[in-house]
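Structural features, examined
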Amino acid sequence: MLELAGIIILGILAQWVAWKFKIPAILPLILIGLLVGPIAAAYLSEDGTKWIAPIWNGTKGLFPGDGLYYFVSLAISVILFEGGLTLKRSEIKNVGPVITKLITLGAAITFFGAGVVTHYVFNLGWEISFLFAGLIIVTGPTVITPILRNIPLKKDVSTVLKWEGILIDPIGALVAVLVFEFISVGGGGGFTKTALMEFGKILLFGTSFGFTFAHALAYAMNKKLIPHYLLNVVSLSTVLLVFVASEVFAHESGLLAVVVMGMVLGNGKLKNLKELLYFKESLSILLISILFILLSANINIEDLMLLYTWKTLVLFTIVVFIIRPLAVFASAYKSKLNLNEKLFISWVGPRGIVAAGIASLFGSKLLKQGVEGAEYITPLVFMIVLGTVLLNATTARLFAKMVGVFLKTSDAILFVGASNPVRLIAKYLKEKGKRVILIDSNSNFVEQANTDGLEAFKVDVYDDDLTDNIELNDVGYLIAITGSDMVNNYTVNRFSKNFGEHGTYKLASSQELQEATDTERKNFFTPNDDYINLSEAYRENPLIMELKIETAVDYEAILSAFSKEEKSIPLFIQKGEEIYLISEFEKTSEVKEHLTLSYLGKSIGDSYKSNSKA
């Protein structure tokens with residue numbers, strides 16, 4: 001009981017340390033596992049026993065017999081299902097051919113390159129060498145995202161790394177499963193007829209079970225056949241059922257089944273998808289915390305000593321500094337990525353939970369079968385996992401600055417709100433070359449914004465995960481412009497530190513406008529208008545107009561005229577190539593002449609018409 005409670009407590013403590021110091025949680029988790037496992041047994045324990053001993057082929061420990069194998073299998077199935085839920089077809093289509101090549105051509109280069117190198121460096125058999133290679137194909141969002149979250153990168157670079165990490169997990173798991181089947185079924189004969197039949201069974205039962213149960217669960221949830229308080233636990237039990245049922249018909253097909261199930265549910269019309277995602281994310285964090293400590297603690301000091309050789313350094317160097325760049329540069333050939341962006345993507349490739357978890361499963365299985373060289377699988381994979389995470393967590397930010405992909409200035413604009421006037425304003429700014437992102441809890445507004453060609457996301461500002469979105473790394477302006485004063489005030493107070501590097505503005509209420517001082521007005525989106533005025537101006541004339549201003553006298557006179565016109569609202573001042581909010585421009589000491597004023601609503605003087613109506 002003490003050991004089990006200790007694992008959970010240490011796991012959550014490691015997650016907190018990772019959050020506090022902005023590092024991937026996998027790093028402290030593995031170190032804690034090694035400390036309470038092999039290191040404690042060799043150096044800290046008087047009787048040579050581990051502080052936490054997850055024995056799975058003996059009669060003692062937390063998981064005697066095959067208990068640990070079963071627990072790891074079920075835990076990984078839940079983690080992969082949660083990963084499958086996040087895969088959206090629409091987003092995959094937009095990430096470009098580089099992603100497709102990275103998870104196909106790049107994965108193939110990593111697989112064959114690492115397999116050949118491992119065979120000749122460690123003198124292992126071809127089957128074991130390629131099993132190791134299949135396991136280290138994956139990177140994984142659980143290790144990529146914490147690194148990217150704390151580094152403001154160019155959008156193309158962060159997008160490539162993010163989606164590679166998400167998509168490569170199930171692909172790497174499938175490749176490793178297939179190689180394992182070839183070893184287990186085909187034996188030393190390689191790609192035998194029996195092994196190929198097993199490959200077909202894995203694909204058949206994995207896809208069919210995942211697809212069928214996904215639609216069945218979605219139907220039951222949408223038809224409200226399951227009470228709301230049981231939704232999460234029923235979905236969890238269904239995931240476990242799919243995994244086990246698929247495994248019964250075809251060994252090692254369960255992982256593919258749960259990934260397919262997650263992808264189908266994530267891309268379907270599931271009303272409770274967001275709630276399901278939150279539950280699975282929390283459960284995945286707990287399972288990852290437990291798994292990494294268990295798997296690290298399960299390694300013996302003898303296994304670690306296998307790595308105490310120059311061959312380990314050679315293998316790590318070739319995999320990380322030769323094979324990874326080769327895969328990236330081949331995948332990004334003739335793409336829009338420049339040399340420095342390719343170099344950074346080549347540098348960042350940490351391995352995660354799928355590699356470590358499946359390595360422990362398959363390594364132990366092959367050891368039981370007496371396969372020569374199987375004792376190397378788990379320690380070699382953990383060496384790659386720990387080494388790449390440590391390397392990338394400590395050097396990624398510095399390397400980003402060295403190669404010039406680190407964003408020195410963050411000038412993207414985040415609008416909280418996506419109503420009709422906001423979308424019109426966002427399109428105008430986009431035409432001026434600005435990157436604009438809209439978030440709103442109204443799905444209709446978000447859908448219309450996406451239809452208009454804008455970046456928009458359905459997000460509730462009261463959710464804590466807004467600051468975790470790596471797509472917002474280059475945001476430097478925060479503008480809260482919803483119809484709710486409460487939401488606008490909360491947004492400014494909660495997120496100005498994260499997204500308001502160059503300015504934070506909000507739409508004021510009518511009462512705030514009446515009571516505001518001149519200083520406070522400079523923090524408002526418009527100096528004299530609330531949401532009602534903005535909406536009225538939009539209804540009067542849903543166009544952004546432009547008016548030339550030559551002198552400072554004209555500037556003051558025109559703004560005075562706007563203050564008396566209820567259905568025309570001044571928004572921006574353009575001076576040369578720069579564009580400012582009226583409130584922002586008023587804060588500067590810029591000379592107020594030779595300007596262009598943009599406004600919404602009733603026409604005053606010369607006009608500019610946006611290319612498309614909202």
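For the structure, see preceding data.
Residues numbered from 1 in each chain as written. Predicted model: local features only at pLDDT ≥ 70, side-chain atom pairs only at ≥ 80, totals over all residues. Heavy atoms only, no water.

**Some details on the side chain of Thr482**
Put simply, the rule reads: A run of DSSP states H or I qualifies as a helix once it reaches four residues; a run of E qualifies as a strand once it reaches two. Both are numbered from the N-terminal end. Pairs of N or O atoms within 3.5 Å make up the polar contacts considered here, provided that, within protein, one atom can donate a hydrogen while the other can accept it, and that residues adjacent in sequence are counted only when both atoms are side-chain atoms. Whether two residues are in contact is decided by their heavy atoms: any pair within 4.5 Å suffices.
For Thr482, the location among the structural elements is in the loop between strand E4 (475-480) and helix H20 (485-499). Here Ser484 takes part through its backbone nitrogen, which lies 3.2 Å from a polar atom of the side chain of Thr482. Here the side chain of Thr482 touches Asn488 through a polar contact of 2.8 Å, side chain to side chain. In this view, Thr482 contacts Val416, Gly417, Val487, Asn488, Leu507 and Tyr531; residues no more than four positions away in its chain are not counted.

**Comments concerning the pattern of salt bridges**
Inclusion rule: What counts as a salt bridge is simple: a side-chain nitrogen of Lys or Arg found within 4 Å of a carboxyl oxygen of Asp or Glu. Burial here depends on accessible area, computed with a 1.4 Å probe over protein chains only, as a share of the maximum for the residue type. Under 20% is buried, over 50% is exposed, and the range in between is partly exposed.
Following the criterion strictly, the structure yields seven salt bridges and no others. Salt-bridge contacts for Arg423 lead to Asp452; the nearest nitrogen and oxygen are separated by 3.5 Å. Within this pair, whereas Arg423 is found in helix H18 (residues 420-431), its partner Asp452 is found in the loop between helix H19 (443-451) and strand E3 (455-458), the two being separated by 29 residues in sequence. Judged by its relative accessible area of 4%, Arg423 falls in the buried class. One salt bridge connects Glu546 with Lys432, and the closest N-O pair in it is separated by 2.9 Å. Here Glu546, found in strand E6 (residues 544-549), pairs with Lys432, found in the loop between H18 and strand E2 (436-440); they are 114 residues apart in sequence, far enough to count as distant.

**Examining helix H14 (residues 310-331)**
Count 3.6 residues to each turn of an α-helix, and residues three or four apart come out pointing the same way. Applicable threshold: The span one expects for a helix is its residue count, reduced by one, times 1.5 Å. Across the chain, bend at a residue is computed as the angle between axes fitted to the seven residues ending at that point and the seven starting from it.
End to end, H14 covers 31 Å across 22 residues, agreeing with the expected 32 Å (1.5 Å per residue, within 8%). A maximum bend of about 30 degrees is found in H14 at Val319. What H14 keeps buried is the set Thr312, Leu315, Phe316, Val319, Val320, Ile323, Arg324, Pro325, Ala327, Val328 and Ser331.

**Things to note about the environment of Leu167**
Secondary-structure assignment places Leu167 in helix H8 (residues 155-186). A C-alpha to C-alpha distance of 8.1 Å links Leu167 and Gly140, two positions 27 residues apart in sequence.

**As for the packing of aromatic side chains**
Formally: Aromatic contacts are taken between Phe, Tyr and Trp rings whose centres are within 6.5 Å, Trp giving its six-membered ring; a plane angle under 30 degrees counts as stacked, one over 60 as edge-to-face, and the others as tilted. Geometrically, a lysine NZ or arginine CZ counts as sitting over a ring once it is within 6 Å of the ring centre and also within 35 degrees of the ring normal.
In total, this model carries 20 aromatic pairs according to the counting rule given. With 5.6 Å between their ring centres and 50 degrees between their planes, Phe321 and Trp347 make a pair best called tilted. On the criterion of sequence distance, the pair formed by Phe321 in helix H14 and Trp347 in helix H15 (residues 339-347) is long-range, its members being 26 residues apart. Using a relative accessible area of 36% as the deciding quantity, one classes Phe321 as partly exposed. Ring plane angle 35 degrees and centroid distance 4.5 Å describe the contact between Tyr462 and Tyr490, whose orientation is recorded as tilted. Within this pair, whereas Tyr462 is found in the loop between E3 and E4, its partner Tyr490 is found in helix H20, the two being separated by 28 residues in sequence. With relative accessibility at 25%, the residue Tyr490 sits in the partly exposed group. By way of ring pairs, the aromatic residues Phe111, Phe112, Tyr120, Trp126 and Phe130 are connected into one cluster. We note Lys401 situated over the ring of Phe406; from NZ or CZ to the ring centre the distance is 5.1 Å.

**Re the environment of Phe406**
Relative to the helices and strands, Phe406 resides in the loop between helix H17 (377-403) and strand E1 (412-416). In this structure the C-alpha to C-alpha distance between Phe406 and Ile151, which are 255 residues apart in sequence, comes to 7.2 Å.

**Details of the sheet that holds E4**
Rule in force here: At least two DSSP bridges between two strands are needed for those strands to be called paired. Axis geometry follows a simple rule: fit a line to the C-alpha atoms, using only the stretch in contact for helices, then measure angles between N-to-C directions, giving values from 0 to 180 degrees.
Read across the open sheet, the five strands follow the order E3-E2-E1-E4-E5; overall the sheet is parallel. Each of the sheet's edge strands pairs with one partner strand only, and the pair in question is E3 and strand E5 (503-506). Averaged over neighbouring strand pairs, the angle between their axes works out to 20 degrees when direction is ignored. Across four bridges, the pairing between E4 and E5 is parallel. From the neighbouring strand, Ala480 faces E5, where its bridge partner is Lys506. Here H18 sits on the sheet in contact with E1 and E2, set at roughly 165 degrees to E2.

**Some details on the sheet that holds strand E8 (residues 578-581)**
Taken in spatial order, the four strands make up an open sheet running E6-E9-E7-E8, and their pairing is antiparallel. Of all strands in the sheet, those with a lone pairing partner are E6 and E8, marking the two edges. For this sheet the average axis-to-axis angle between neighbouring strands, irrespective of direction, equals 30 degrees. Examined bridge by bridge, E6 and strand E9 (residues 595-601) share six bridges and lie antiparallel to one another. Considered in E9, the bridge of Ile549 is made with Leu595. In this fold helix H23 (residues 531-540) packs onto strand E7 (568-575) and E9, with an angle of close to 90 degrees to the strand it touches most, E9.

**Quick look at the packing of helix H3 (residues 67-85) against helix H11 (residues 254-266)**
How we decide: If an angle is under 35 degrees, it is roughly parallel; if it is over 145, roughly antiparallel; if it lies from 65 to 115, roughly perpendicular; otherwise it is oblique. Handedness of a crossing follows from how the near helix is turned relative to the far one, being left-handed for an anticlockwise turn of less than a right angle and right-handed for a clockwise one. Following the grouping adopted for this structure description, the nonpolar residues are Ala, Val, Leu, Ile, Met, Phe, Trp, Tyr, Cys and Pro, the charged ones are Asp, Glu, Lys and Arg, and the polar ones are all others, Gly among them.
In the contact formed by H3 and H11, the axes pass within 7 Å of each other and the chain directions differ by 30 degrees. Classified by the angle between their axes, H3 and H11 sit roughly parallel to one another. Note on packing geometry: the crossing formed by H3 with H11 is right-handed. Residues Ile76, Ser77, Leu80, Phe81, Gly84 and Leu85 of H3 form the contact with H11, whose own contacting residues are Leu255, Val258, Val259, Met261, Gly262, Met263, Leu265 and Gly266. By residue class, the composition of the contact of H3 with H11 is 10 nonpolar, four polar and no charged.

**Focus: the pairing of E2**
Stated formally: Look down the strands so they point away from you; if the path from the first strand over the helix to the second goes clockwise, the crossover is right-handed.
In terms of burial, E2 is a largely internal element, five of the five residues being buried. In the sheet, E1 pairs with E2 via four bridges, with the strands oriented parallel. Along E2, the bridge assignment pairs Val416 with Ile439. Handedness of the E1-H18-E2 crossover: right-handed. For the crossover from E2 across H19 to E3, the handedness is right-handed.

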